[in-house]
Amino acid sequence: MEVLALLGSGMLLALEPLNLALILIGVSVGLFIGAMPGLGSVNGVAILLPVTFLVPPSGAIIFLAAIYYGAMYGGAVSSVTLGIPGASTAVATTFDGRPLARQGRASLALVTAALASFVGGTVANLLFTGFAPLLANVALSFGPPEVFALMLLAFATFVGLGGDDIPKTIFSICFGLVLGAIGFDQISGAPRLVLFDINGFLQGIGFLVLAIGVYGIGEMLWTIEQTRGEVTKMTPKMTVKGMAADTKEAAKRGWKGTAIGSFLGFFVGILPAAGATPGSLMSYGVAKMVSRTPEEFGKGSPDGVAAPEAANNSASTGSMLPMLTLGIPGSPTTAILLGGMVIWGLTPGPRLFIDEQEFVWGLIGSFYISNVAALLINLAFIPLFIWMLRMPFTILAPMIFVLSIAGGYAATRDMFDVWLMVIFGLGAFFLRKFDYPLAPAVLAIVLGPIAEPTLRQSLLLSSGDPAIFFTRPIAGPITVVALILIFLPLFKLLRRKKSPQT
Amino acid sequence: MRLGEIVTAGVLALLSIYFMWKSSELPIGYISGTGPGGGAWPFWLSAIMLICCGMIAFNWWRGTSPPSQSEEPMLDAYGWRMLALVGGGIIVFVGLVSVISMYGAIAVFLLYYTRALGRHSWTVVLPLSFITPIAMFFFFEGAMRITMPTGMPFMDPIFDIGYEIIY
């Protein structure tokens, strides 16, 4: 009851005129920043951090949290409409969101994404409200072996569940991981894999460089070549009645993915260093695994949009938990929020819930209000996003190229990275021709820098004994499930070979 | 397609070997007291890549993958032309960034694509090619405080006007 009273007062604080205005502005700004390829919640929060000094700390954090929420909703927009995941958290949304848009069902994809994001955010808020201190302790029990096991599981979902050519899928994962290792060795600090001794590689290859190259350039070239210039425009339906029908269909065909993403995303999100990207990927994999029609995934399944979208929203709220309760940021954006809190004179950690009750519950209350505001604002803007798809393809295509190059530069501020994007784009075009799945490489470049140090730390802890991944109570079952998924195609192959004999 | 698949697998195998060689500049084994060497992670991953290339070649030989069963050319005349016009256009676009600035290059690229490839009328092409870079200038430089490449010195007077409006 005490929690409900505190939450009620928090919501009232969030509904004060100034705070409500900040939520509406923050969500709208976040939505457009998130929808822009190359820009994500990190940019929005970092750029607008100085603005928050004009308002009280509670209003400031509410504003930044609203931007964060809006940006998480916005990530799906570029994935669906442009086919470019604006942030790593929205990569999995592209798998089914883009095919739906190509079928003229962008409205269904966007409505599904919005509803799933809302449900994911709400479930995360309820879990946050009810179990914050308890979950913080669970998160603390995740050491390097557990995090590495989780990363292994994320990759395993691709190998075990993908219908693609298995050697090509594994190649793609390893290629992404190797690209993620370019630059410096994180532990010794020595330069590593400086390809052709070009100094530009010293700074490493970021996720966006590969993602924009693959999706913004490679995928577009492939589409132009495949359609033989016959695609003039997509004509998605956009009427109030059509949107209502899409909402009904999204609820009917996307509920399972939403439920999986909401809970799994939150759990992965609360783990320091994991975050929304593995959460959204694993939710997609699990949704496909439990689906009665897994063959529809990758071809435009609403469940395939709902699972990662529910997960990335749920995980963004989840990543606030270790930040507030332990002072450990779960994502780059929460790291900036943490910095902001310190500047405003607040000390994140276990004492925050006791010493700054009004602030904490005002923030949690604002999560609920921001979530509702983000849903409504997002739904209101869907016609605008759909309108973009009605443009002739010969205008949309160069606009996507321009946004890819300008957005890519904006994210890295380096022309070397822009050239790399072009090279990756051309390479991706040829690899796509030969059925190499490229999404695993894009996700691997994000997860690699988390997976490698945790593997090395784990092996250091066990003096080189890999049994550490099997003997620990949390890491053990996760590793076993991951290995089963990795070897699943081999078991299937052996069974197929055996069955004609029997 | 059949020839293309094995050539691609061969190129990727060479790339894997190159990655293995570059990774081995750092220790690739387990070092007592410090854990796996700095080159171990990329080296062994590249080794898996090489094994995968071998498996892709084996599948090609067995003719189990769709590209290995296809006798169609990888790209026909239209495909090569498209690649030259669109892919080449993107390369020229990026090359122009350091000469006539990001915004100048955007204007030229949009003009080229919408007029030469899209065959749109000048009433569509001109406003699109000039309004887009101006809008992007105010978005990136003004709202987001992100400075894009300004090109060679002869572009400075144009940027001075823009910066005067923003600041």
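Conventions and cut-offs
- Residues numbered from 1 in each chain as written.
- Chains lettered and ligands numbered in written order.
- Predicted model: local features only at pLDDT ≥ 70, side-chain atom pairs only at ≥ 80, totals over all residues.
- Helix = DSSP H or I, 4+ residues; strand = E, 2+ residues; numbered from the N terminus.
- Rg over C-alpha atoms; globule rule 2.2 N^0.38 Å.
- Contact = placed C-beta atoms within 7 Å.
- Core = buried A, V, L, I, M, F, W, Y, C linked by C-beta atoms within 7 Å.
- Buried ≥ 20, exposed ≤ 12 C-beta atoms within 10 Å, placed from the backbone.
- Domains from an automatic or database assignment.
- Nonpolar A, V, L, I, M, F, W, Y, C, P; charged D, E, K, R; others polar.
- Axes fitted to C-alpha atoms, helices over the stretch in contact; angles between N-to-C directions.
- Parallel < 35°, antiparallel > 145°, perpendicular 65-115°, else oblique.
- Left-handed = near helix turned anticlockwise from the far one by under 90°.
- Expected span 1.5 Å × (residues − 1).
- Arc of directions from axis to C-beta.

Novice: If you had to explain the overall build of chain B to someone new, which residues and values would you point to?
Specialist: The secondary structure content of chain B amounts to six helices and two strands. Its helices and strands taken in sequence order, chain B reads α-β-β-α-α-α-α-α from the N to the C terminus. In terms of overall size, chain B is more extended than a compact globule, its C-alpha atoms giving a radius of gyration of 24 Å where 167 residues would be expected to give roughly 15 Å. C-alpha atoms of chain B, sized along the principal axes, occupy 60 × 55 × 25 Å. Contacts in chain B between residues at least 24 apart in sequence constitute 51% of all its contacts with a sequence separation of at least 6.

Novice: So what's going on with the nonpolar core? Residues and values would help.
Specialist: Among the nonpolar cores identified, the biggest contains 212 residues, and A:L110, A:M151, A:L210, A:A406, A:V442 and B:I106 are the most heavily contacted of them. With 17 residues, the single largest contributor to this core is helix α6 (residues 106–140) of chain A. The residues that make up this core include at least three from each of domain 1 (2–69) and domain 2 (77–166) of chain B. For A:A406, the residues in contact, after removing those within four places along its chain, are B:M102, B:I106, B:M136 and B:M148.

Novice: Could you give an account of the interface of chain A and chain B, naming the residues involved and the relevant values?
Specialist: In this assembly, 46 residues from chain A lie in contact with 58 residues from chain B. Breaking the side of chain A that touches chain B down by element, the ones donating at least two residues are α8 (166–181), α9 (207–227), α17 (393–412), α18 (415–433) and α19 (439–461) of chain A. Split into classes, the residues belonging to the side of chain A that touches chain B amount to 33 nonpolar, three polar and 10 charged.

Novice: Please provide a residue-by-residue account of the packing of α9(A) against α19(A), values included.
Specialist: Residue and element names in this part refer to chain A. Relative orientation of the contacting elements α9 and α19 amounts to 170°, with a least axis distance of 9 Å. Considering their axes alone, α9 and α19 lie roughly antiparallel with respect to each other. Residue-level inspection shows F207, L210, A211 and V214 of α9 in contact with α19, the latter providing A441, V442, I445 and V446. Of the residues that constitute the contact of α9 with α19, the class distribution is eight nonpolar, no polar and no charged.

Novice: Residues and numbers for the environment of A:L375, please.
Specialist: Residue and element names in this part refer to chain A. Counting through the fold element by element, L375 comes out in helix α16 (residues 357–389). Judged by local crowding, L375 falls into the buried class, with 20 C-beta atoms found within 10 Å. When residues no more than four places from it in sequence are discounted, the contact partners of L375 are A114 and F118.

Novice: How would you explain the packing of helix α4 (residues 57–81) of chain A against helix α5 (residues 91–102) of chain A if you had to name every residue and give the values?
Specialist: All names here are of chain A. Between α4 and α5, the least distance of the axes is 7 Å, while the angle of their chain directions is 50°. With respect to α5, the axis of α4 lies oblique. Seen along the crossing, α4 lies across α5 with a hand that is right-handed. Between α4 and α5, the contacting residues are A76, S79, V80 and T81 on the first element and T93, T94, G97, R98 and A101 on the second.

Novice: If you had to explain helix α5 (residues 122–143) of chain B to someone new, which residues and values would you point to?
Specialist: Taking 1.5 Å per residue, 22 residues should reach 32 Å; α5(B) reaches 30 Å between its end C-alpha atoms and fits that length. Where α5(B) is concerned, the buried positions are B:V125, B:L128, B:S129, B:T132, B:P133, B:M136, B:F137, B:F140 and B:E141. Looking straight down α5(B), one finds its buried side chains confined to an arc of 150°; they lie on one side. Every exposed residue of α5(B) that faces more than 90 degrees away from the buried side is listed here: B:T123, B:P127, B:I131 and B:A135. On its buried face, α5(B) sits against α17 of chain A together with α4 (77–117) and α6 (156–166) of chain B.

Novice: Now, about the environment of B:D160: what can you tell me, with residues and values included?
Specialist: Residue and element names in this part refer to chain B. Mapping D160 onto the fold places it in helix α6. The exposure class of D160 is exposed, given the 9 C-beta atoms found within 10 Å. Once the C-alpha coordinates of D160 and R115 are considered, the two residues, 45 residues apart in sequence, prove to be 30 Å apart.

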